[in-house]
Amino acid sequence: MSKLMKKDFNIVQKFPLLIFISFIIIITGVVFLLGEGLNLGIDYKGGAKVEIELIDEIEDKAAFEEHFTSFMKDQGYTVVDKMMESPLTEGGISYEFRLAYEYHGARVEKDAQEAFITRLNNDFKNGLTDEVEAYLSTVNSVNLFDEEGINVAVIGESSSKSLLNRTFIALALALVAILVYIMIRFTVSSGLASICGLAHDVLITVALTAIFRKYLPVNMTFIAAVITIIGYSINASIVIFDKVRECQKSAAFAYASDEEIANYAIKHSLVKILLSVLTTLIMVVALVLFSVSTIQEFILPIIFGLLAGTFSALCLNPSLWVLFRKVGAKIKSKKA
Amino acid sequence: MSKKKSIVLITLMSVVIAILGFMCFASFNVGNSIYKYNSIVSIIRQGIDLSGGYYVVLEPESTDGKASDAELLEKAKEIIRTRLDDKGYTEAIINTQDGNKIRVEIPQVDDDGAVLEIIGQTGELTFKDGSGNVWLNGQDHIKGAYAANNTQDGGYMVVLEFTDQGASRFADATNTIKDMSDNKLYIWLGDSNISAPAVNEQIVSNTAQITGSFTYEEAMNIASVIDSGKLPIQYKVTEARSISSKLGASAGLTSIMMAAIGLAIIFVIMLIRYRGLGLAACISLICYCLLYIVFLAIIPSVQLTLPGIAGILLAIGMAVDASIVIFERIREEYALGKTAEAAVAHGFKRATVTVLDSNVTTIFAAIILWLVCPGTIKGFAITLLIGIVLSLFTSILLSRWILKVINPLVEDDEKFLNLKREGGNN
């Protein structure tokens, strides 16, 4: 450790390289999302959901999806969006399809929706379930069905959407509050740099989640994970900028350049931040390794976020701070 | 502080922690009595996504002014609450959603159909005679019921309003019943008999009174129960979904064990790097976790959900971070030349500023989320808030106190606290 400390630390200079890395990850994520058609998860859009619970994975998923879609079309139902696969707590896999409120091509209005759901339910009870089961047993080597069978549920469109929209608004408000607080307690540049770091962390988390899970589950749990990351990221940023603030107040740094201060701050916050993320990761990983699959898929974004947060706090934020200071100085000199 | 006082305090502290730990995790039967003590951990209410269950969203059908009447909304919620309680679903949670919708969450329900029926209509209101013939029902024959002053006999009574059809049926019913040996008119709501007034003569009227010198509450109760044969507004089910438990049956215990293992590893790291300081941190972390459990169980609006667990993780992480920030600061102070004692004092003082800054920003976020968002995110915000406030207390004050208590027993401060003079942060 002491050897590392004695080395010269110029992270700020390496900024272009570092941010390039982040950029690549984010772009990859965006490409993945667009490629899969921005699958936002059933919670967000509403409709009728058909959930097929099986003991194990379907061998040829694409074929099944195609078959099911055309099969439902013959019955008069329109499948929209892609099929979603998610693990079940007690073991097994669930495949979800979202159906639009349409019957034989004609739109089902609000007052007829209840009847639509009832009809859908009955259709499955009266034969569709058996047909799906028959199809699956011909294309899979094992019988995947257990008693759970097929479950039809209604996802009210307005309800989840308004819930989520509210959450986004709340998040935006919270971010503004944080920004203002940091600007007051530290400096404007620190505030701006912190928020940029935050944005970076959220984008990386979203990108990595999209890459690994092939869709973006926009639901409450994911948002809670994102908020957790924001909380953690801010903490890390504050540790760095607290150091910067201290340097600026101290006489020893009166003639130091911004870069020197930034590098010093990084060097002397390194241990704190690394230990922090290590201890938090331990808690998180302990939960992941021995827990059920649904917790695992929820913890994954948190892990991505923690790593992104550490990276941004140490490597990106200080450089951004230097940048903003420069911009600020330029604006001032123009005014003068 | 003398050595003796130190030892006494340490022993006291250990006993308190042990008792608290026991109270948090152990459940047992009290001697030979029927009382059972439930561990504090099991008292913490679980959200529907952890326990699994069924939820329904009801939306008012009509769009005339009535639909947005807050009072009617409350009444509807009360009625649904009564229905669910009667059927034994006391754990159900009923909330208003988006202003005029009702969201009902029922944990650990297997039979979806049964639940929907309970909420949707329930207990038919029927009027039967002594031999079991049904004369009137709530759907077609009753317009409403309300409590009124019984000016004749004092007390209160319940007034029933019939529809036209109901009025004529009622006349027929009373005409027949008055001559029966069992001349009571039994009023049933589902399976419960709520009243059985005696019928002495035919009553031709579109109102009827149920007298019995009721108190105001009793009369209101009966009236609302009769009235609840129908909800005040016609509701429609717009959302109905069963939620399988995200945790699975045995996950509760496993998660706690895993959390304990995670904490143990953290303790080891803290002890290696910070030695004596780390010891203080570990003890205060144990207290923190126990107190956290207690508060989660005590505070009524806490409901543990999957996002709530994220909140707890974050809070514990921040508690550990706080200690790390403080201790690194102490090491820096010592490296700059201060005595061990001064380094500790100054370190705590200076680092508290940093810790407060980080925690305050997170508290802002948590408060805003708590105020604005409903449901699961609200649960997350509350657990986070409790955790952070608690961590401020334990990481800053408790650690400091523990260090003070242990100090008299320590010979070599520097070695105990692992402080080094060489420049920098190693």
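So, here's what we can say about the structure. (Residues numbered from 1 in each chain as written. Chains lettered and ligands numbered in written order. Predicted model: local features only at pLDDT ≥ 70, side-chain atom pairs only at ≥ 80, totals over all residues. Heavy atoms only, no water.)

1. A short note on the overall build of chain B
Secondary structure summary: chain B contains 14 helices and 13 strands in total. Evaluated residue by residue, chain B yields a buried proportion of 50% over its 426 residues. Within chain B, contacts between residues separated by at least 24 positions form 69% of all contacts whose residues are at least 6 apart in sequence. Accessible surface computed for chain B: about 19800 Å², of which carbon and sulfur atoms make up 57%. (Helix = DSSP H or I, 4+ residues; strand = E, 2+ residues; numbered from the N terminus. Buried < 20%, exposed > 50% of the residue type's maximum accessible area, 1.4 Å probe, protein only. Contact = heavy atoms within 4.5 Å. Areas by Shrake-Rupley, 256 points an atom, 1.4 Å probe, with all protein chains shown as cover.)

2. Considering the pairing of strand β9 (residues 156-162) of chain B
Residues and elements named next belong to chain B. Extensive coverage of β9 is indicated by the burial of five of its seven residues. Inspection of the sheet shows strand β8 (residues 142-149) paired to β9 by seven bridges, in the antiparallel sense. Across the sheet, Ala147 pairs through a bridge with Val158, a residue of β9. (Pairing = 2+ DSSP bridges.)

3. Things to note about helix α1 (residues 3-25) of chain B
Between the first and last C-alpha of α1(B) there are 33 Å, a value that for 23 residues agrees with the 33 Å anticipated at 1.5 Å per step. Those residues of α1(B) not exposed but buried are B:Ser6, B:Leu9, B:Met13, B:Ile17, B:Gly21 and B:Cys24. (Expected span 1.5 Å × (residues − 1).)

4. Quick look at the nonpolar core
Looking at soluble globular proteins, one finds that nonpolar side chains tend to be buried together. Among the nonpolar cores identified, the biggest contains 130 residues, and B:Tyr288, B:Phe327 and B:Ile330 are the most heavily contacted of them. Element by element, the count of residues in this core is highest for helix α11 (residues 306-335) of chain B, at 17 residues. Residue contacts for B:Ile330: discarding those within four places in its chain leaves B:Leu277, B:Ala343, B:Val344, B:Gly347, B:Phe348 and B:Leu419. Residues A:Tyr95, A:Phe97, A:Phe124 and A:Tyr135 belong to the second largest nonpolar core, which totals 26 residues. (Core = buried A, V, L, I, M, F, W, Y, C linked by side-chain atoms within 4.5 Å.)

5. Observations concerning empty space enclosed by the protein
Scanning the model with the defined rule gives five cavities of 30 Å³ or more in all. Together, 13 residues line the largest cavity, and A:Asn235, A:Val239, B:Asp321, B:Val325 and B:Ser358 are the ones closest to its centre. Secondary structure elements with two or more residues in the lining of the largest cavity: α8 (220-249) and α9 (258-289) of chain A together with α11 and α12 (340-372) of chain B. Residues of the lining of the largest cavity, tallied by class, amount to eight nonpolar, four polar and one charged. Estimated volume of the second largest cavity: approximately 90 Å³. Along its surface, the second largest cavity is lined by A:Leu171, A:Ala174, A:Leu175, A:Ile178, A:Ile227, A:Ile230, A:Gly231, B:Leu314, B:Thr362, B:Ala365, B:Leu369 and B:Leu384. (1 Å grid on protein atoms, 1.4 Å probe; cavity = no way out; pocket = protein on both sides within 12 Å on 5 of 7 lines; lining within 4 Å. Points joined across faces, edges and corners; volume = space filled by probe spheres on them. Nonpolar A, V, L, I, M, F, W, Y, C, P; charged D, E, K, R; others polar.)

6. Focus: the pattern of salt bridges
Residue and element names in this part refer to chain B. Here the structure, examined in full by the defined rule, presents 16 salt bridges over all chains. In this structure, Arg329 engages Glu333 in a salt bridge whose closest nitrogen and oxygen atoms are separated by 3.2 Å. Placement of the pair is Arg329 and Glu333 together in helix α11, with a separation of four residues, close to one helical turn. The salt bridge involving Lys338 is made with Glu333; its shortest N-O contact spans 2.6 Å. (Salt bridge = Lys/Arg side-chain N within 4 Å of Asp/Glu carboxyl O.)

7. With respect to the side chain of B:Ser399
Residues and elements named next belong to chain B. The topology assignment puts Ser399 in helix α13 (residues 375-406). For Ser399, a relative accessible area of 0% corresponds to the buried category. In terms of polar contacts, Ser399 uses its side chain to reach the side chain of Ser284, at 3.1 Å. In contact with Ser399, other than residues within four places in its own chain, are Ala280, Ala281, Ser284, Phe348 and Thr394. (Polar contact = N/O pair within 3.5 Å; in protein donor to acceptor, adjacent residues only side chain to side chain.)

8. What about the environment of B:Met157?
All names here are of chain B. Mapping Met157 onto the fold places it in strand β9. Given the relative accessible area of 8%, Met157 is considered buried. Taking the C-alpha atoms as reference, Met157 lies 8.5 Å from Tyr146; in sequence the two are 11 residues apart. In this structure, Met157 is in contact with Tyr146, Ala147, Ala148, Asn149, Asn150, Gln209, Ile210, Thr211, Phe214 and Ala219, ignoring residues within four places of it in sequence.

9. Side note on helix α10 (residues 276-298) of chain B
Here α10(B) contains 23 residues, and its C-alpha end-to-end distance of 33 Å stays within 8% of the 33 Å for a straight helix at 1.5 Å per residue. Most of α10(B) sits out of view: 17 of its 23 residues are buried.

10. Points about unusual backbone geometry
Glycine aside, residues mostly have negative phi angles, and peptide bonds mostly take the trans form. For B:Arg275, which is not glycine, the phi torsion reads 45° and is therefore positive. Counting through the fold element by element, B:Arg275 comes out in the loop between α9 (251-274) and α10.

11. Observations regarding the packing of aromatic side chains
Residue and element names in this part refer to chain B. Overall, the coordinates contain six aromatic pairs over all chains when judged by the stated rule. Here Tyr274 and Phe327 contribute two aromatic rings whose centre-to-centre distance is 5.2 Å and whose plane-to-plane angle is 65°, an arrangement assigned as edge-to-face. Taken together, the residues Tyr274 in helix α9 and Phe327 in helix α11 connect sequence positions 53 residues apart. Owing to a relative accessible area of 1%, Tyr274 belongs among the buried residues under this scheme. An angle of 40° between the planes, with centres 5.5 Å apart, marks the rings of Tyr288 and Tyr292 as tilted. Taken together, the residues span about one helical turn, with Tyr288 and Tyr292 both in helix α10 at a distance of four residues. (Phe/Tyr/Trp six-rings, centres within 6.5 Å; stacked < 30°, edge-to-face > 60°.)

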